[in-house]
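Okay, here's what each chain looks like letter by letter:
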Amino acid sequence: DGGITQSPKYLFRKEGQNVTLSCEQNLNHDAMYWYRQDPGQGLRLIYYSQIVNDFQKGDIAEGYSVSREKKESFPLTVTSAQKNPTAFYLCASSIVHTKPGNTIYFGEGSWLTVV
Amino acid sequence: DQQVKQNSPSLSVQEGRISILNCDYTNSMFDYFLWYKKYPAEGPTFLISISSIKDKNEDGRFTVFLNKSAKHLSLHIVPSQPGDSAVYFCAAREDNYGQNFVFGPGTRLSVLP
């Protein structure tokens, strides 16, 4: 089955701890993304990567870090510097090409709660 | 400053009637638009898209209309079904600006039986 797998689905973090959310895709997509959704709000871009070993900050990158060592994998680390980490995190991927027509596909999401 | 706006946070429609969800954008460089549907605690799923060279795209019960001069697009669902109850996100992409998709805040649609 092709798709995007996020794990864990639910994660609890103590204040001051770093946590890493996993995202793996087997769609052979070049680009991968991390979005955050807060209750009642839209999707905000944290980081995205168009190619292995390269990534760019999105609108709310502060307190987060990513790596892209493999095409299939784009883990997100929520560091202790992130002041409001409790949210629903969505990983996504898309084909990279310059013409319109590509679509961004999402994983099932991960709930992170700070306790 | 939101580049993609969905000014109606929620919408209620009777089953069988038409649902119209609206989206406005400010960036004239956007040339590709998408609609996604999202259930609680799940990832958004792609519904339908439209390129800026078209003004209408239809897929079954879903039709998207694009008015470039007004920087406005709308999603029509006919007939609406209770299973359509979800949050709908409008998204836009600027062709020459990497692969960044910009999402609106979403509209919660409730289809009443």
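Structure shown above.
Residues numbered from 1 in each chain as written. Chains lettered and ligands numbered in written order. Predicted model: local features only at pLDDT ≥ 70, side-chain atom pairs only at ≥ 80, totals over all residues. Heavy atoms only, no water.

## Examining the environment of K5 of chain B
Residues and elements named next belong to chain B. Inspection of the secondary structure assignment puts K5 in strand β1 (residues 4-5). Sequence-wise, K5 and I20 are 15 residues apart; in three dimensions their C-alpha atoms are separated by 15 Å. Once residues within four sequence positions are removed from consideration, K5 is found in contact with N22, C23, D24, T26 and P105. (Helix = DSSP H or I, 4+ residues; strand = E, 2+ residues; numbered from the N terminus. Contact = heavy atoms within 4.5 Å.)

## Remarks on the state of the cysteines
The full count for this structure, using the stated rule, is two disulfides over all chains. Paired through a disulfide, C23 of chain A and C91 of chain A show a sulfur-sulfur distance of 1.9 Å. For the disulfide bridge between C23 of chain A and C91 of chain A, the dihedral angle about the S-S bond is near -75°, and by the sign convention the bridge is left-handed. Residue C23 of chain A is located in strand β3 (residues 19-25), and its partner C91 of chain A is located in strand β9 (residues 87-94); the two are separated by 68 residues in the primary sequence. Residue classification places C23 of chain A among the buried positions, given a relative accessible area of 0%. Residue C23 of chain B pairs covalently with C90 of chain B via a disulfide, S to S 2.0 Å. Here the S-S torsion is close to -75°, and the disulfide linking C23 of chain B with C90 of chain B is therefore left-handed. (Disulfide = S-S within 2.5 Å. Buried < 20%, exposed > 50% of the residue type's maximum accessible area, 1.4 Å probe, protein only.)

## So, the sheet that holds strand β7 (residues 64-66) of chain A
Strands in a sheet are paired, the pairing made by backbone hydrogen bonds, and the direction either parallel or antiparallel. All names here are of chain A. The strand order across the open sheet formed by four strands is β1-β3-β8-β7, and the pairing between neighbours is antiparallel. Edge strands, defined here as strands with exactly one partner in the open sheet, are β1 (4-7) and β7. Averaged over all neighbouring strand pairs, the angle between strand axes comes to 20°, with direction disregarded. As paired elements, β3 and strand β8 (residues 76-78) share three bridges and run antiparallel to each other. Of the residues in β8, the one forming a bridge with T20 is T77. (Pairing = 2+ DSSP bridges. Axes fitted to C-alpha atoms, helices over the stretch in contact; angles between N-to-C directions.)

## Observations regarding the interface of chain B and chain A
Listed by partner, the interface residues are 21 residues for chain B and 28 residues for chain A. For the pairing of chain B and chain A, the buried interface totals around 1900 Å² over both sides, and the portion due to carbon and sulfur atoms is 56%. Inspection of the region where chain B meets chain A yields zero salt bridges. Taken together, the connections running from chain B to chain A amount to five residue pairs in polar contact (both at pLDDT 80 or more). (Buried area = accessible area lost by both parts, 1.4 Å probe. Salt bridge = Lys/Arg side-chain N within 4 Å of Asp/Glu carboxyl O. Polar contact = N/O pair within 3.5 Å; in protein donor to acceptor, adjacent residues only side chain to side chain.)

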